[in-house]
Amino acid sequence: MADKQRTVLISLIIDFILWIPDVVAAILSMSIVLFADAVKCLNEIIATFFAYLTIRKMAKGGAGAYDYGMGKFETVTSIITGGVMLISLALVFFVAIYRIAIPESIVHEGAYLGIFLMIIGVSMNTFLWQKNFRLYVKEPSPIMDSQWRLFRTKAYSDFAVLLSLIISLAFSHYAWSLYIDPVASFFIVGVLLLSGTRVIRSSLPDLLDRTLDEELQMVIVQHLAQFFNEYSELHGVRSRRSGSNVYIEIFLEFDGEKRMCEVQQVIDRIKVSIEAQIPKSTVSIVPTSTGVCRLDADTAEK
């Protein structure tokens, strides 16, 4: 958790430092693609700020108030990140349409500053993209998944802006160069659309307590098969994710002649077996019966 918090904080600081000169460059150059990039970056800073607050809150824990942890805060933050991408998409799209309708040349001095900033932006966002991705691979979670995808999107977007500025300056003596700037914005629209919808689509099912993927369900079935002779009936399996945590409930019926200590030994063995194969999982095995408890003859007479 400390690694996540430090990584997201570094990302937030770098984003904010790069955003201020980005706004200056957009104003000086009168470039619509730089303006769109600055607006997009502001929304992304807000999303990263929410991610940082969420991780800090999770680091404090929720014992006593949140028995199943605070993993869903991660999922909600991931959805917010995707929503911010889609808001940025709408802003970039409408501003680009406006500039196509009313074309205007960019100011060269401001564009030079923009090129310098985009080179830095591509480098830093690529670095943060790789750093967040390595952390996600090491410890998967919705919030880190959305973060590495966010910075991948930023790296692609900054590269598109960089190419747009270079081409606009190189062909500025042609009348059609006025359209290079707004048309390049549509690449950013496409990247934001793909990334934003993907983040929301992957996070929303977990927020609604979707069951585990078929691959993990097969792991559960395989382990239950190994202990087939230890219980009488399987009455169901329920599972869900909460952030990076996995919760599994298994309802088993045992031989009524067994003592509780014997049943508990079987439960512990099944639990340890499954948790060893599914990282960050918590398995609860509930003894269940659909029949009527049979009373001993002596008890019935009384």
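None of the values given here were measured: they were computed from a predicted structure.

Procedures and definitions
- For every chain, the first residue of the written sequence is number 1, and numbering continues from 1 onward in sequence order.
- At least 70 in pLDDT is required for a residue's local features to be given in this predicted model, at least 80 for side-chain atom pairs to be given and counted, and no such filter applies to totals for whole chains, interfaces and linings, which use all residues.
- Note: side-chain values were computed over all heavy atoms of the structure, leaving out hydrogens and water.
- Think of a patch as exposed residues, more than 30% relative accessible area, with no salt bridge, where like charges cluster within 9 Å and nonpolar side chains (Val, Leu, Ile, Met, Phe, Trp, Tyr) cluster within 5 Å.
- Accessible surface area values rest on a Shrake-Rupley calculation with a 1.4 Å probe, where residue burial reflects the displayed protein chains alone.
- Any Lys or Arg side-chain nitrogen found within 4 Å of a carboxyl oxygen on Asp or Glu counts as a salt bridge.
- Every helix listed is a DSSP run of H or I at least four residues long, and every strand listed is a run of E at least two residues long, numbered separately from the N terminus.
- Burial classes: relative accessible area under 20% of the type maximum marks a residue as buried, over 50% as exposed, and values in between as partly exposed (1.4 Å probe, protein chains only).
- Residues are treated as being in contact if the distance between any of their heavy atoms lies within 4.5 Å.
- Between N or O atoms, a polar contact is any pair within 3.5 Å; within protein, one atom must be a potential hydrogen donor and the other a potential acceptor, and residues adjacent in sequence are included only when both atoms are from side chains.
- By definition, two strands form a pair when at least two bridges between them are found by DSSP.
- The convention used is that axes are lines fitted to C-alpha atoms, helices contributing only their stretch in contact, and that angles between N-to-C directions extend from 0 to 180 degrees.
- Method remark: on a 1 Å grid restricted to protein atoms, a set of points is classed as a cavity if a 1.4 Å probe fits but cannot get out and as a pocket if it is open with protein on both sides within 12 Å along at least five of seven lines; lining residues have an atom within 4 Å of a point.
- Grid points are joined across faces, edges and corners, and a volume is the space filled by probe spheres set on the points.
- Here the term right-handed applies to a crossover when the path leading from its first strand over the helix to its second strand runs clockwise, the strands being oriented away from the viewer.
- For our purposes a nonpolar core is just a set of buried Ala, Val, Leu, Ile, Met, Phe, Trp, Tyr and Cys residues, chained together by side-chain atoms within 4.5 Å.
- One fewer than the residue count of a helix, multiplied by 1.5 Å, yields its expected span.
- Comment: arc refers to directions from the helix axis out to C-beta atoms.

Peer 1: How would you explain a nonpolar patch on the surface if you had to name every residue and give the values?
Peer 2: On the surface, a cluster of nonpolar side chains totalling about 750 Å² of accessible area is made up of Phe159, Leu163, Ile167, Phe171, Tyr174, Trp176, Tyr179 and Val183. Sort the elements by how many residues they give to the nonpolar patch and helix α5 (residues 142-170) lands first, with three residues. Along the polypeptide, phenylalanine 159 turns up in helix α5. Here phenylalanine 159 falls in the partly exposed class, since its relative accessible area comes to 42%.

Peer 1: How would you summarise the environment of serine 172 if you had to cite specific residues and measurements?
Peer 2: Take serine 172: it is sitting in the loop between α5 and α6 (180-207). Since its relative accessible area comes to 33%, serine 172 is described here as partly exposed. The sequence separation of serine 172 and isoleucine 106 amounts to 66 residues, and the corresponding C-alpha distance is 8.8 Å. Non-local contacts of serine 172, meaning those with residues more than four positions away in its chain, are made with His108 and Ser177. In terms of polar contacts, serine 172 uses its side chain to reach the backbone carbonyl oxygen of leucine 169, at 3.2 Å.

Peer 1: So what's going on with the sheet that holds strand β3 (residues 281-287)? Residues and values would help.
Peer 2: What holds strands together in a sheet is hydrogen bonding between their backbones, with the strands either parallel or antiparallel. Taken in spatial order, the three strands make up an open sheet running β1-β2-β3, and their pairing is mixed. In the strand order of this sheet, the two ends are held by β1 (233-242) and β3, each with one partner. Each adjacent strand pair in this sheet contributes to an overall mean axis angle of 15 degrees, direction not counted. Both β1 and strand β2 (residues 245-253) contribute to a ladder of nine bridges, which runs antiparallel. What sits directly across from serine 239, in β2, is isoleucine 248. The strands touched by helix α8 (residues 260-277) are β2 and β3; relative to β3, the strand with the most contacts, the crossing angle is about 155 degrees.

Peer 1: Which residues make up empty space enclosed by the protein, and what are the values?
Peer 2: Per the stated rule, a full pass over the model turns up one cavity of 30 Å³ or more. What the largest cavity holds in volume is close to 130 Å³. Sorting the residues of the lining of the largest cavity by element identifies α1 (2-29), α2 (32-60), α4 (108-138) and α5 as the ones contributing at least two each.

Peer 1: Lay out the pairing of β3 with the relevant residues and their values.
Peer 2: Note: β2 against β3, seven bridges, orientation parallel. Within β3, the position partnered with isoleucine 248 by the bridge is valine 283. Note on the crossover from β2 through α8 to β3: the handedness is right-handed.

Peer 1: Got a sec to walk through the nonpolar core? Specific residues and values, please.
Peer 2: Where a protein is soluble and globular, its nonpolar side chains tend to be buried together. Grouped together as the largest cluster of nonpolar side chains are 21 residues, with contacts concentrated most on Leu34, Met118, Val161, Leu165 and Ile188. Going through the elements one at a time, α1, α2, α3 (71-101), α4, α5 and α6 are the ones with two or more residues in this core. A per-element tally of this core places α5 first, with five residues. Residue contacts for leucine 165: discarding those within four places in its chain leaves Ser31, Val33, Leu34, Ile106, Ala111, Gly114, Ile115 and Met118.

Peer 1: Hey, could you go over helix α7 (residues 214-226) for me, with residue numbers and the actual values?
Peer 2: Owing to its 3.6 residues per turn, the α-helix aligns residues three or four sequence positions apart on the same side. Helix length check: α7 (13 residues) gives 19 Å between terminal C-alpha atoms against 18 Å at 1.5 Å per residue, within 8%. Those residues of α7 not exposed but buried are Leu216, Val219, Ile220, His223 and Leu224. Angularly, the buried residues of α7 cover 130 degrees about the axis, an arc narrow enough to put them on a single face. Among the exposed residues of α7, those pointing more than 90 degrees away from its buried face are Glu214 and Glu215. Those residues of α7 hidden inside the fold are in contact with β1, β2 and α8.

Peer 1: Can you lay out the environment of isoleucine 285 for me, pointing to particular residues and giving the numbers?
Peer 2: Relative to the helices and strands, isoleucine 285 is located in strand β3. Residue class for isoleucine 285 comes out buried when judged on its relative accessible area of 11%. Placed 18 residues apart in sequence, isoleucine 285 and isoleucine 267 show a C-alpha to C-alpha distance of 6.3 Å. Beyond its immediate stretch of four places on either side in the chain, isoleucine 285 contacts Ile250, Leu252, Ile267, Ile270 and Lys271.

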